[in-house]
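Given next are the chains, with one letter for each unit.
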Amino acid sequence: METTSRVGAQAPAAEGGQQLPSARRTVGGYLQAPFPWYGLDEAFTGPRWLMQVGTAADGAVEHGSIGHGDEPTVRNEHVAASPDEPREKFAVVVTVAANPSRRSADGTGLLEATSVSSAAWLAGVGLLSFTWPGQMDHSLRDDWLEQQTETAWALADDLEGPEWSTLSLPVDGVPTPFHYRESQFGWVLAGSTGAGVHVGAYGRGMSAYGLGFAVVKDIGTYA
């Protein structure tokens, strides 16, 4: 999937793992998408917030993410009184347009097809953007991130492999199979919908087993 950035579903991270506010909250890019956005269904009653869209080389919106729960700002930190409980509890839903291989708008080349693996990879890298092993020296983070990003890519390319299990969750009220995996940093899942998009998700502190997904009726309410 050719996008402006392989991590285009996420906002740039500032020093110390904080999101840059100016990189989010802009609903314009979401409104330009020719496909529906997905978020958690109405059973989730907590905060909802925009992140960032990703575009193809020709400027077309191809994917984007919206968040639910606590806005994660510190990677892998836990509540002091309970080392097993994450400080922030969140779930991010990634929507990816289901596109076949096609010519770019200027006719100079081909854009990669998107698939469930695309959603799985974007979700996996999204989780990494909020993860930082506490014992790691700051100078080693770039090397660690590069290594983990390649691992996320390999895992997304092998959805039938042993690292993944199958989880059935409702999408617009219909039970839908998802590929699901957990790690020490959180969970990642990916599947397809009947609305012409693939859905990925990642989170920490919120169980994936109780989630449901639905088309966002008004993306402006997330801003």
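Residues numbered from 1 in each chain as written. Predicted model: local features only at pLDDT ≥ 70, side-chain atom pairs only at ≥ 80, totals over all residues. Heavy atoms only, no water.

Peer 1: Please explain the overall build of the protein chain as it appears in this structure.
Peer 2: Looking only at helices and strands, the protein chain features three helices and eleven strands. Taking all 223 residues of the protein chain together, 49% fall into the buried category. Of the contacts formed within the protein chain by residues at least 6 apart in sequence, a portion of 64% connects residues at least 24 apart. Counting every atom, the protein chain has about 10,600 Å² of accessible surface; 51% of that belongs to carbon and sulfur. (Helix = DSSP H or I, 4+ residues; strand = E, 2+ residues; numbered from the N terminus. Buried < 20%, exposed > 50% of the residue type's maximum accessible area, 1.4 Å probe, protein only. Contact = heavy atoms within 4.5 Å. Areas by Shrake-Rupley, 256 points an atom, 1.4 Å probe, with all protein chains shown as cover.)

Peer 1: For this particular structure, what's the right way to read the environment of T151?
Peer 2: Here T151 is to be found in helix α3 (residues 141-156). Given the relative accessible area of 35%, T151 is considered partly exposed.

Peer 1: Would you explain the packing of helix α2 (residues 116-128) against α3 in this entry?
Peer 2: In helix packing, the relevant descriptors are the interaxial angle and the interaxial distance, both defined with respect to the helix axes. Packing of α2 against α3 leaves a shortest axis separation of 8 Å and a crossing angle of 155°. Taken as axis vectors, α2 and α3 run roughly antiparallel relative to one another. In terms of crossing hand, the pair formed by α2 and α3 is right-handed. Where α2 abuts α3, its residues S117, A120, W121, G124, V125 and L128 lie against R141, W144, L145, Q148, T149, A152, W153 and A156. Of the residues contributing to the contact of α2 with α3, the split by class is nine nonpolar, four polar and one charged. (Axes fitted to C-alpha atoms, helices over the stretch in contact; angles between N-to-C directions. Parallel < 35°, antiparallel > 145°, perpendicular 65-115°, else oblique. Left-handed = near helix turned anticlockwise from the far one by under 90°. Nonpolar A, V, L, I, M, F, W, Y, C, P; charged D, E, K, R; others polar.)

Peer 1: Explain the pairing of strand β7 (residues 165-171) to me, please; I cannot follow it from the model alone.
Peer 2: Every other side chain in a regular strand lies on the same face of the sheet, so the side chains alternate between the two faces. Bridge count for β7 against strand β8 (residues 174-183) is seven bridges, and the pairing is antiparallel. Of the residues in β8, the one forming a bridge with S168 is P177. In textbook terms, the turn of a hairpin is the stretch between consecutive antiparallel strands, and for β7 and β8 this stretch comprises two residues, one of which, D172, has a positive phi near 55°. (Pairing = 2+ DSSP bridges.)

Peer 1: I would appreciate a short explanation of the nonpolar core in the present structure.
Peer 2: Grouped burial of nonpolar side chains is what soluble globular proteins tend to show. In terms of nonpolar packing, the biggest core is built from 57 residues, with W37, L189, Y202 and F213 touching the most fellow members. In terms of residues, this core owes the most to one element, α2, which gives nine residues. (Core = buried A, V, L, I, M, F, W, Y, C linked by side-chain atoms within 4.5 Å.)

Peer 1: Help me understand the environment of D41 in this model?
Peer 2: On the secondary structure map, D41 appears in the loop between β1 (38-40) and β2 (48-55). Taking C-alpha positions, D41 is 7.9 Å from V215, a pair spaced 174 residues apart along the chain. Here D41 is in contact with R48, G212, F213 and A214, once residues within four sequence places are set aside.

Peer 1: What is the right way to look at the packing of aromatic side chains in this model?
Peer 2: A ring pair, where both rings are aromatic, is described by two values, the distance of the centres and the angle of the planes. Applying the stated criterion across every chain, the model contains eight aromatic pairs. Taken together, Y30, F35 and W37 form an aromatic cluster joined through their ring pairs. (Phe/Tyr/Trp six-rings, centres within 6.5 Å; stacked < 30°, edge-to-face > 60°.)

Peer 1: Looking at this structure, I do not really get α3. What am I missing?
Peer 2: An α-helical turn contains 3.6 residues, so a residue and the one three or four places further along point in the same direction. The terminal C-alpha atoms of α3, which comprises 16 residues, lie 22 Å apart, in line with the 22 Å expected from a rise of 1.5 Å per residue. R141, W144, T149, A152, L155 and A156 are the residues of α3 that are buried. Buried residues of α3, viewed axially, fall in a sector of 135°; they line one side. Summarising the geometry of α3, the exposed residues directed more than 90 degrees from the buried face are D143, E146 and Q147. In this structure, the buried residues of α3 make contact with α2 and β8. (Expected span 1.5 Å × (residues − 1). Arc of directions from axis to C-beta.)

Peer 1: Could you clarify how one ought to interpret the pairing of strand β3 (residues 61-69) in this entry?
Peer 2: Burial runs high along β3: nine of the nine residues are buried. Bridging between β2 and β3 involves six bridges; their strand directions are antiparallel. By the bridge assignment for β3, R48 is matched with H68. The hairpin turn running from β2 into β3, its antiparallel successor, is five residues long, and G59 in that turn takes a positive phi close to 90°. Here β3 pairs with strand β4 (residues 90-97) via seven bridges, running antiparallel. Within β4, the position partnered with H68 by the bridge is A91.

Peer 1: For this particular structure, what's the right way to read α2?
Peer 2: Over its 13 residues, α2 extends 19 Å from the first C-alpha to the last, a length consistent with the 18 Å expected when each residue adds 1.5 Å. Across the 13 residues of α2, twelve count as buried, placing the element largely inside the fold. Contacts from the buried residues of α2 go to β3, β4, α3, β8, β9 (186-192) and β10 (197-204). The residue sitting at the N-terminus of α2 and contributing the capping side-chain oxygen is S115; that oxygen lies 3.2 Å from the backbone nitrogen of S117. (Polar contact = N/O pair within 3.5 Å; in protein donor to acceptor, adjacent residues only side chain to side chain.)

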